[in-house]
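Read off the chains here:
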Amino acid sequence: MVTPITPPLAVHFVWHPDDNDNIRSIIMDFRRYLTRDIERPFSRELNIPTFLYSSKSFKCLPSKPEKLANKDVIFLFISCNTLMDSNWETYINELPEDDDYHVIPIAIEQAGINHTSSGRLKNYNCIRAFDWPEEFKKEYAILFLSHEIYRFGLKNAQPGSLGIYHSIRLFLSHAKKGDIGLNHAESIKHFLDNSNMQRFFDANQISPGFKFDQEIEGHIKNSTIIAIASDHYSSRYWCQREILSAKKERRPIILVNSLEEYEDRVFPAASNIPCVHVTVEPLREIDILKILIAALLETIRFEHAHKLLRYYQEQGWIDSSAEIFARPPEIQQLIDSLKKKERLAVCYPEPPLYKEEMEWVNHFNITVSTPLWTSAYERDDDKKFRIGLSISDYLPDGYESQHQDLDELKRFSQSLARHLLANKHTLIYGGDLRDDGFTQFILDEAAVLRDRLQVEKLFVENYLSWPLYTKKENMKWYASYKTVINPISVNIPNDIAGIINDSNLFLEPNCPENKYIWSRCLTTMREESILSSDVRIFAGGKFENYLGKMPGVLEEFLISLRKEKPIFLIGGLGGLTSKLCNSIKNKSIVEEFTEEWQISHNTSYIELQNIAVQNNHGANYEEIKFAIENISIEVLAQRVGLLREDYEKLMITPFIDECVHLIIKGIKNLSKRG
């Protein structure tokens with residue numbers, strides 16, 4: 001049986017649908033810290049996969065979190081709703097018990113604690129979310145939940161062990177003698193000493209009678225450093241030494257920017273690290289929470305990056321001799337490494353830095369890479385493909401059967417666009433001119449890349465069918481991305497041109513006749529964009545509330561199949577593509593691909609289909625059934641340059657890194673074929 005990769009860590013969230021109002025926003029805020037922030041796609045990230053389990057109705061139970069990683073942490077939100085529902089009680093009691101499958105109960109109401117009197121959660125200590133102060137609820141949630149990820153997901157804590165043994169050690173680096181840095185450090189220490197967070201954080205001090213240098217270097221080897229940058233910080237010898245020692249030991253560091261007026265020289269070593277800005281003294285509670293959250297998340301990111309990259313190294317994604325860094329490499333670190341070996345390869349986490357930042361490595365003949373990118377890819381003699389993207393969202397089911405949020409599709413499109421554009425392929429997309437749509441995410445990537453790569457060539461083509469390009473707001477939307485997009489307006493098909501009164505006016509799809517006109521124009525746009533593509537990539541896709549004679553992703557797939565285009569199917573991210581992959585593997589279509597299902601779930605679909613059939617342009621569901629049930633996975637894999645085993649992984653993996661890795665691998669193989 002083919003299985004996706006098994007990453008070091010996966011995080012799962014389980015909750016009763018009637019508790020949505022209480023905790024869904026907390027979960028989504030927290031996920032933004034664990035995954036790639038789609039609003040800041042080029043920022044450093046933890047890249048921890050997350051999965052969601054609930055439902056639209058209390059009558060339906062979600063499936064149980066699967067064992068997907070080496071360590072799976074399950075946050076189970078318990079309340080009066082879970083306590084008083086016998087089905088949920090059974091659900092909780094049947095959760096697996098395994099050393100690497102850690103269930104963390106979170107009581108969002110005091111009644112939820114009663115779950116721990118018997119059954120699966122007996123004698124468990126809950127996180128008491130109902131005690132969190134309302135004004136800092138988000139911050140406390142991030143601290144408490146992150147701490148459990150650190151303990152159980154990364155430090156191998158077992159339920160019976162003492163939590164203090166797995167606390168994060170903090171080293172507070174600051175200028176002394178009444179400086180604001182000292183005041184901030186004392187405020188942080190006082191806050192920890194007077195809260196229950198000392199079981200999270202162990203803040204180090206220099207013991208009397210011991211040597212400064214030995215104490216400092218000994219503590220730094222096992223600590224996360226909080227460098228409090230005041231006006232005098234960078235000019236102090238011991239502050240500089242602490243940062244240099246932390247960099248030498250490759251420890252997690254955050255910088256707290258607390259400048260009051262002016263610093264004449266930022267210490268160079270105090271860069272390439274996360275920075276938190278705080279107000280001047282006295283520190284407020286929210287400032288301290290921000291600092292502690294930053295320290296905790298950076299420590300998790302650091303630990304996870306090492307585990308993840310070593311795992312990818314074992315999978316053969318990364319040079320087996322490469323040194324693993326948890327942040328982009330710095331010149332002093334690499335010079336130290338070069339003293340030990342003549343040829344040096346370095347791998348650091350996504351996203352990659354760009355040419356200007358890394359030009360100096362060429363001087364030392366160093367190979368740098370991330371798991372999905374290497375400087376060796378930047379060969380001008382590689383074939384540059386025209387790659388069509390068929391990616392769209394779908395109607396959520398409340399996480400009942402599809403356990404990923406729609407934002408995963410956006411992260412996938414961002415990551416994919418970044419790597420394909422950086423390798424100078426052309427991306428082709430159709431429609432979707434709206435804020436927060438997939439075109440916008442792809443174009444935002446292209447705009448940043450164009451500036452960083454300093455090129456003038458347009459990398460993105462967007463095909464638009466009539467009547468969309470008659471709307472002035474669509475053209476204004478294009479204007480925002482003029483430097484990176486080549487808009488292509490597709491002509492009206494000849495067979496309907498005569499029934500359109502004025503081709504300069506927008507036509508609303510508000511009746512079956514108008515919907516038929518739209519469907520013909522969309523089909524023509526899809527045929528032209530696919531004909532101009534060398535490769536097609538499919539992910540997501542809706543079955544309902546679409547415009548056209550059938551779901552758009554399905555029609556684009558069938559056209560691509562008919563044209564014998566290389567097709568990548570990303571099934572693990574949900575939507576129509578997931579159902580398509582299941583149908584291909586089982587050689588039996590799911591009900592959503594039948595005409596009966598489409599008619600019963602889409603208002604006025606039968607009227608549109610009747611008009612289309614009368615004009616010999618209807619959706620032929622017998623042909624759709626035959627095509628899908630007779631697809632050879634072997635042929636699909638061969639066309640995209642992958643082995644069958646790799647292609648089957650692509651059809652099921654929920655992990656974005658693996659999806660992008662396999663696509664890049666296939667395209668590299670196609671390039672070698674010429």
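What counts and how
Residues numbered from 1 in each chain as written. Predicted model: local features only at pLDDT ≥ 70, side-chain atom pairs only at ≥ 80, totals over all residues. Heavy atoms only, no water. Axes fitted to C-alpha atoms, helices over the stretch in contact; angles between N-to-C directions. Helix = DSSP H or I, 4+ residues; strand = E, 2+ residues; numbered from the N terminus. Parallel < 35°, antiparallel > 145°, perpendicular 65-115°, else oblique. Left-handed = near helix turned anticlockwise from the far one by under 90°. Contact = heavy atoms within 4.5 Å. Nonpolar A, V, L, I, M, F, W, Y, C, P; charged D, E, K, R; others polar. Phe/Tyr/Trp six-rings, centres within 6.5 Å; stacked < 30°, edge-to-face > 60°. Lys NZ or Arg CZ within 6 Å of the ring centre and 35° of its normal. Salt bridge = Lys/Arg side-chain N within 4 Å of Asp/Glu carboxyl O. Buried < 20%, exposed > 50% of the residue type's maximum accessible area, 1.4 Å probe, protein only. Pairing = 2+ DSSP bridges. Right-handed = clockwise from strand over helix to strand, strands pointing away. Patch = residues over 30% accessible without salt bridge, like charges linked within 9 Å, V, L, I, M, F, W, Y side chains within 5 Å. Areas by Shrake-Rupley, 256 points an atom, 1.4 Å probe, with all protein chains shown as cover. Lys, Arg positive; Asp, Glu negative; His and termini not counted. Charge placed at Lys NZ, Arg CZ, Asp CG, Glu CD. Core = buried A, V, L, I, M, F, W, Y, C linked by side-chain atoms within 4.5 Å. Arc of directions from axis to C-beta. Expected span 1.5 Å × (residues − 1).

A. Spotlight on the packing of helix 4 (residues 137-154) against helix 8 (residues 285-314). Where helix 4 meets helix 8, the axes come as close as 10 Å, and the angle between the chain directions of the two elements is 25°. Here helix 8 runs roughly parallel to helix 4, going by the angle between their axes. Between helix 4 and helix 8 the crossing geometry is left-handed. Facing helix 4, whose interface residues are Glu-139, Tyr-140, Ile-142, Leu-143, Ser-146, His-147, Ile-149, Tyr-150 and Leu-154, helix 8 presents Glu-285, Ile-286, Leu-289, Leu-292, Ile-293, Leu-296, Leu-297, Thr-299, Ile-300, Glu-303, His-304 and Lys-307. Of the residues belonging to the contact of helix 4 with helix 8, the class tally is 13 nonpolar, 4 polar and 4 charged.

B. Seen up close, the packing of aromatic side chains. Counted under the stated rule, the structure contains 15 aromatic pairs. Measuring from ring centre to ring centre gives 5.9 Å for Phe-506 and Trp-518, while their planes differ by 85°; the resulting arrangement is edge-to-face. In this pair, Phe-506 is assigned in the loop between helix 15 (494-497) and helix 16 (512-531) and Trp-518 in helix 16, connecting sequence segments 12 residues apart. The ring of Phe-325 has Arg-250 lying over it, and the distance from NZ or CZ to the ring centre is 4.1 Å. Lys-471 extends its terminal NZ or CZ atom over the ring of Phe-506, reaching a point 4.7 Å from the ring centre.

C. Up close: the pattern of salt bridges. Scanning the model with the defined rule gives 27 salt bridges in all. Glu-298 serves as the salt-bridge partner of Arg-301, at 2.9 Å between the closest nitrogen and oxygen. Of this pair, Arg-301 and Glu-298 both sit in helix 8, separated by 3 residues, roughly a single helical turn. Considered together, Arg-301 and Glu-298 belong to a single accessibility category, that of buried residues. In this structure, the salt-bridge partner of Glu-555 is Arg-526, at a minimum N-O distance of 2.6 Å. Here Glu-555, found in helix 17 (residues 552-562), pairs with Arg-526, found in helix 16; they are 29 residues apart in sequence, far enough to count as distant. Overlapping salt bridges, with partners in common, bring together Arg-31, Asp-407, Glu-408 and Arg-411 in one network.

D. Structural context of the sheet that holds strand 3 (residues 71-78). With respect to topology, 5 strands assemble into an open sheet ordered 2-1-3-4-5, the strand pairing being parallel. Pairing within the sheet leaves two strands with one partner each, and these edge strands are strand 2 (50-53) and strand 5 (127-128). For strand 4 (residues 101-107) and strand 5, the ladder comprises 2 bridges, and the chain directions are parallel. Bridging across to strand 5, Ile-106 finds its partner in Ile-127.

E. Just the pairing of strand 17 (residues 460-464), in detail. By the criterion of burial, strand 17 is predominantly enclosed, with 5 of the 5 residues buried. Because side chains alternate across strand 17, one face comprises the buried residues Val-460, Asn-462 and Leu-464, and the other comprises Glu-461 and Tyr-463, equally buried. Judged from the 4 bridges that link them, strand 16 (residues 426-430) and strand 17 form a sheet pairing that is parallel. Of the residues in strand 17, the one forming a bridge with Leu-427 is Val-460. Two strands pair when backbone bridges link them, and strand 17 and strand 18 (residues 485-489) are joined in this way by 5 bridges, in the parallel orientation. Paired with Tyr-463 across the bridge in strand 18 is Ile-488. Where the polypeptide runs from strand 17 across helix 14 (residues 472-479) and back to strand 18, its parallel neighbour, the crossover connection is right-handed.

F. Representation of a positive patch on the surface in the model. Residues Lys-221, Lys-248, Lys-340 and Lys-341 make up a contiguous surface patch of positive charge. Checked against the element boundaries, Lys-248 lands in helix 7 (residues 237-248).

G. Layout of the side chain of Ser-258. Summarising the element assignment, Ser-258 is placed in the loop between strand 9 (253-257) and strand 10 (275-277). A relative accessible area of 1% places Ser-258 in the buried class. When sequence neighbours within four positions are dropped, the list of residues in contact with Ser-258 reads Ile-180, His-184, Ile-228, Ala-229, Ser-230 and Val-278.

H. Representation of unusual backbone geometry. Cis rather than trans, the peptide bond between Glu-350 and Pro-351 has omega equal to -5°. As for its position among the elements, Pro-351 is in the loop between strand 12 (344-347) and helix 10 (355-358). Residue Pro-467 is bonded to the preceding Trp-466 through a cis peptide linkage, with omega at 5°. Position of Pro-467 relative to the elements: it lies in the loop between strand 17 and helix 14. We note that Asn-47 has phi near 60°; this positive angle belongs to a residue other than glycine. With respect to the secondary-structure elements, Asn-47 resides in the loop between helix 1 (20-34) and strand 2. Here Asn-47 falls in the buried class, since its relative accessible area comes to 17%. Positive phi values are uncommon outside glycine, yet Glu-564 reaches one of about 60°. Residue placement: Glu-564 occurs in the loop between helix 17 and strand 20 (567-570).

I. Examining the nonpolar core more closely. Grouped together as the largest cluster of nonpolar side chains are 113 residues, with contacts concentrated most on Phe-412, Ile-537, Phe-557, Leu-569, Ile-584 and Tyr-647. Not counting chain neighbours up to four residues away, the residues in contact with Phe-412 comprise Ile-391, Ile-537, Ala-539, Ile-570, Leu-573, Ile-656, Cys-659, Val-660 and Ile-663. The next biggest cluster of nonpolar side chains, apart from the first, holds 58 residues, and it includes Ile-23, Phe-77, Phe-152 and Leu-154.

J. Seen up close, helix 14. Along helix 14, the residues that are buried comprise Asn-474, Trp-477 and Tyr-478. Each buried residue of helix 14 lies within a common arc of 100° when the element is viewed along its axis, so the set occupies one face. Looking at helix 14, the residues exposed on the side facing more than 90 degrees away from the buried face are Lys-472, Lys-476 and Ala-479.

K. A look at the environment of Pro-17. Looking at the secondary structure, you find Pro-17 in the loop between strand 1 (9-14) and helix 1. Classification of Pro-17 by relative accessible area gives buried; the value is 8%. Contact partners of Pro-17, with chain neighbours within four places excluded, come to Ser-54, Ser-55, Lys-56, Ser-57, Phe-58 and Trp-88.

L. Geometry of the side chain of Asn-514. Summarising the element assignment, Asn-514 is placed in helix 16. For Asn-514, the residues in contact, after removing those within four places along its chain, are Leu-507, Glu-508 and Pro-509.

M. Broad picture of helix 4. Across its 18 residues, helix 4 extends 25 Å between first and last C-alpha, which sits within 8% of the 26 Å expected from 1.5 Å per residue. Counting buried positions over the 18 residues of helix 4 gives 16, a clear majority of the element. Where helix 4 terminates, the next one or two residues include Asn-156, which has phi positive at roughly 60°.

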